[in-house]
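If you want the building blocks of each chain, they are given just below.
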Amino acid sequence: MAISEDVVIGIDIGTTSTKAVVFGERGRVLASHAVDYPIIQPHPGFAEQDPEELFAAVIQAVGAVTVRHGIRPQQVKAIGLSAAMHSMMALDKSGRPLTRLIIWADNRSVVQAERLLKEHHGLDIYRRTGTPIHPMSPLPKLLWLKEEEPDVFRQAHRFVSVKDYVLYRLYGDYVTDHSLASATGLFRLDTLDWDEDVLSLLGIGRERLPRLVPATHILQGMNKEWANKMGVSPDVPVVIGASDGVLANIGVGAVLPGEAAITIGTSGAVRTIATTPTTDEKGRTFCYALTPGYWVVGGPTNNGGILLRWLRDEFGAQEREVAKKLGVDPYDLLTKYAERVSPGAEGLVFLPFLSGERAPYWNANARGTFFGLGLHHKREHFIRAVMEGVCFSIVSVALAIRDVTGPMAEIRVSGGFAKSPFWRQMLSDMLGKPLIVPQTHEASALGAAAVALHALGEVPSLEMVKTWIDTTARHEPKEEHTLIYAELFDLYARLYERLKEEFDIIAAFQRRSGE
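Reading the values: rules and limits
- Residues numbered from 1 in each chain as written.
- Predicted model: local features only at pLDDT ≥ 70, side-chain atom pairs only at ≥ 80, totals over all residues.
- Heavy atoms only, no water.
- Buried < 20%, exposed > 50% of the residue type's maximum accessible area, 1.4 Å probe, protein only.
- Helix = DSSP H or I, 4+ residues; strand = E, 2+ residues; numbered from the N terminus.
- Contact = heavy atoms within 4.5 Å.
- Pairing = 2+ DSSP bridges.
- Axes fitted to C-alpha atoms, helices over the stretch in contact; angles between N-to-C directions.
- Arc of directions from axis to C-beta.
- Core = buried A, V, L, I, M, F, W, Y, C linked by side-chain atoms within 4.5 Å.
- Phe/Tyr/Trp six-rings, centres within 6.5 Å; stacked < 30°, edge-to-face > 60°.
- Parallel < 35°, antiparallel > 145°, perpendicular 65-115°, else oblique.
- Left-handed = near helix turned anticlockwise from the far one by under 90°.
- Nonpolar A, V, L, I, M, F, W, Y, C, P; charged D, E, K, R; others polar.
- Salt bridge = Lys/Arg side-chain N within 4 Å of Asp/Glu carboxyl O.

1. A look at helix H2 (residues 110–119)
- Inspection of H2 places Val 110, Gln 112, Ala 113 and Leu 116 among the buried residues, and these make up the whole buried set.
- Its buried side turned inward, H2 meets helix H3 (122–129), helix H4 (138–148), helix H8 (196–202) and helix H17 (479–513).
- Positive backbone phi, approximately 55°, marks His 121, located one or two places after H2.

2. Topic: the side chain of His 69
- Residue placement: His 69 occurs in the loop between helix H1 (51–68) and strand S5 (76–83).
- Excluding residues within four positions of it along the chain, His 69 makes contact with Met 1, Ala 2, Ile 3 and Ala 31.

3. Describing the sheet that holds strand S13 (residues 218–219)
- What the six strands build is an open sheet, ordered S3-S2-S1-S5-S14-S13; its pairing is mixed. At either end of the open sheet lies a strand with only one pairing partner, and these are strand S3 (29–36) and S13.
- Where strand S2 (residues 17–23) lies against S3, seven bridges are found, and the strand directions are antiparallel. Looking at S3, one finds that Val 21 is bridged to Ser 32.
- Here helix H10 (residues 244–252) sits on the sheet and contacts strand S1 (7–13), S5 and strand S14 (238–243); the angle it forms with S14, its principal contact strand, is near 100°.

4. Examining H3
- Three or more residues of H3 are buried, namely Gly 122, Ile 125, Tyr 126 and Thr 129. Buried residues of H3, viewed axially, fall in a sector of 100°; they line one side.
- Looking at the buried positions of H3, the neighbouring elements they touch are H2, H4, strand S10 (187–188), H8 and strand S17 (286–289).
- Once H3 finishes, Gly 130 follows within two positions and takes phi at roughly 80°, a positive value.

5. A few points about the nonpolar core
- Membership of the largest hydrophobic core comes to 139 residues, with the highest contact counts inside it found for Ile 13, Leu 170, Met 222, Val 232, Ile 250 and Ile 262.
- Tallying contributions element by element places helix H14 (residues 379–405) first for this core, with twelve residues.
- The residues touching Leu 170, leaving out its near neighbours within four places in the chain, are Phe 55, Ile 59, Met 222, Asn 223, Trp 226 and Met 230.
- Grouped together as the second largest cluster of nonpolar side chains are 27 residues, Ala 113, Ile 125, Ile 133 and Leu 209 included.

6. Let's talk about the packing of aromatic side chains
- Here the structure, examined in full by the defined rule, presents 20 aromatic pairs.
- Judged by centre distance (4.4 Å) and plane angle (5°), the rings of Tyr 168 and Tyr 174 are stacked. Accessibility classification places Tyr 168 together with Tyr 174 in one group, the buried group.
- Centroid distance Phe 353 to Tyr 361: 6.1 Å. Interplanar angle 80°. Geometry classified as edge-to-face.
- One aromatic cluster in this structure is built from Phe 353, Tyr 361, Phe 392, Tyr 485, Phe 489, Tyr 492, Tyr 496 and Phe 503.

7. Focus: the packing of H14 against helix H15 (residues 421–431)
- H15 packs onto H14 with a crossing angle of 45° between their chain directions and a minimal axis gap of 10 Å. Here H15 runs oblique to H14, going by the angle between their axes. Between H14 and H15 lies a crossing whose hand is right-handed. Counting all contacts with H14, which are made through Arg 384, Met 387, Glu 388, Val 390, Cys 391, Phe 392, Ile 394, Val 395 and Ala 398, the residues of H15 involved are Phe 422, Trp 423, Met 426, Leu 427, Met 430 and Leu 431.
- When the residues that make up the contact of H14 with H15 are grouped by side-chain class, the tally is 13 nonpolar, no polar and two charged.

8. Some words on the pattern of salt bridges
- Inspection of the entire model under this criterion finds 29 salt bridges.
- Measuring nitrogen to oxygen at the nearest pair gives 2.3 Å for the salt bridge that ties Arg 154 to Asp 151. In this pair, Arg 154 and Asp 151 are both assigned in helix H5 (residues 150–155), three residues apart and thus about one turn of the helix distant.
- The class for Asp 151 is partly exposed, based on a relative accessible area of 45%.
- For Asp 280, the salt bridge goes to Arg 284, with nearest N and O atoms at 2.9 Å. Exposure class is identical for Asp 280 and Arg 284. Each is buried.

9. Re the pairing of strand S16 (residues 268–274)
- Within S16, seven of the seven residues are buried, leaving the element largely enclosed by the surrounding structure.
- For strand S15 (residues 259–264) and S16, the ladder comprises five bridges, and the chain directions are antiparallel. Residue pairing in the sheet places Thr 263 in a bridge with Ala 269 of S16.
- Once S15 ends, the chain turns through three residues before running back antiparallel as S16.
- Bridge analysis of S16 against strand S18 (residues 295–301) gives seven bridges, and the strand direction is antiparallel.

10. Some details on unusual backbone geometry
- With an omega of -5°, the peptide bond running from Ala 359 to Pro 360 counts as cis.
- Its place among the elements puts Pro 360 in the loop between strand S19 (349–351) and strand S20 (369–371).
- Despite not being glycine, Arg 26 has its phi angle at roughly 55°, a positive value.
- Mapped onto the elements, Arg 26 comes out in the loop between S2 and S3.
- Residue classification places Arg 26 among the partly exposed residues on the basis of a relative accessible area of 45%.
- Here the phi dihedral of Ala 345 falls at roughly 50°; this positive angle occurs in a residue that is not glycine.
- With respect to the element layout, Ala 345 can be found in the loop between helix H13 (330–339) and S19.
- According to the relative accessible area criterion, Ala 345 is buried, its value standing at 0%.

In structure tokens form, the structure reads like this:
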């Protein structure tokens, strides 16, 4: 059916797909289309993507929703952008990629990150930039490129993120928003400018980085070829937006101090709002810019829904076949198996660090571990333990944020996990707090659309977005489950501390084995 009203399009460039979501009045979702793409892992610890695939996905996703739903160019009031953080790639003088896109999950720069911490006052860099020193960050990635691929590093005319590259292809201009810049480790929170000391450490000048602008910056005059393929006017206002994480806070209505957003998609994150830049003396949390006067304090985890995909793909052949015969989602079947097991998986505890870990440990060498395994444990225990392990990691981040910003008065959840009442209740039980489930599951795209309207002056305050969002569910913690999880979380935290040295040993072995 054709859409007749004026719309805003939110584009969310994520880790595994790009979504174009069409919003009507008050953030009502009218249509959406997603285009998937793979993660390329040529070596252990590497995680890359083809930038051309991601750019094509943006064009294809927007083109699909405008054509399929009869949206005319004059109906599109604005487009807002959201993108995953921490990506980095090198471009030559002609704007052609010299590297693939190196994404947040890439751990190749472990050695460089450790050296930054030990030899270059890494904690001071974190306090200035708000980005913890970790291989996810573009800072150690750039240092790795300089040391391991010096010819490429020298040839590079610009170092950009995925969103920067998309905008360059659309407008021929190198520009980045304060939000994505504040997730690079190269950007000062106090001056909203590139950090000269960090640039000196890398041996690059600001001319090799994009121009800095706020999240409300508007671009116009798009390349006509790409505008035609997307079905929009070349003069449509495109608002640069921010990172997917901070925009998700807007998209779920967690826009005031004390309000927290928890997202579990491919990875996971906990975030809350602050009105001044706020960092942690222990370096456990991040602080990223949102819009002028708003900052997001939080922490990301590497291992969210990607672990259920791993279970499904590597160990769930039986479930996939049964699900196919029954016409149901394999994930729903995995969840039903997990529901058969009592909280705590009968003493099977899972440390979910299959991709290393970011907050609160920032340890790329951390590895996945099942603890307490006995002959009584069956397939369903493993499934539940994996789901509980993901929640334990979220709790560990929430506790670190509480130490920095104070108690969380309200918690709103989004991401793929929010579609599972069972998983939501599990997290509520672990946190010992109520969880609110907003109506939208497209939080980052809605946040991008809201910032676009804010930039146009149609939404005077981002706090107004809260009134757009209906609550579809609310979960109250079950006290008896909270007590069980409190006991097991203490064990989870102690296991991590006791295994830190062993993680270093097995990670070194794995890297040697993959050479």
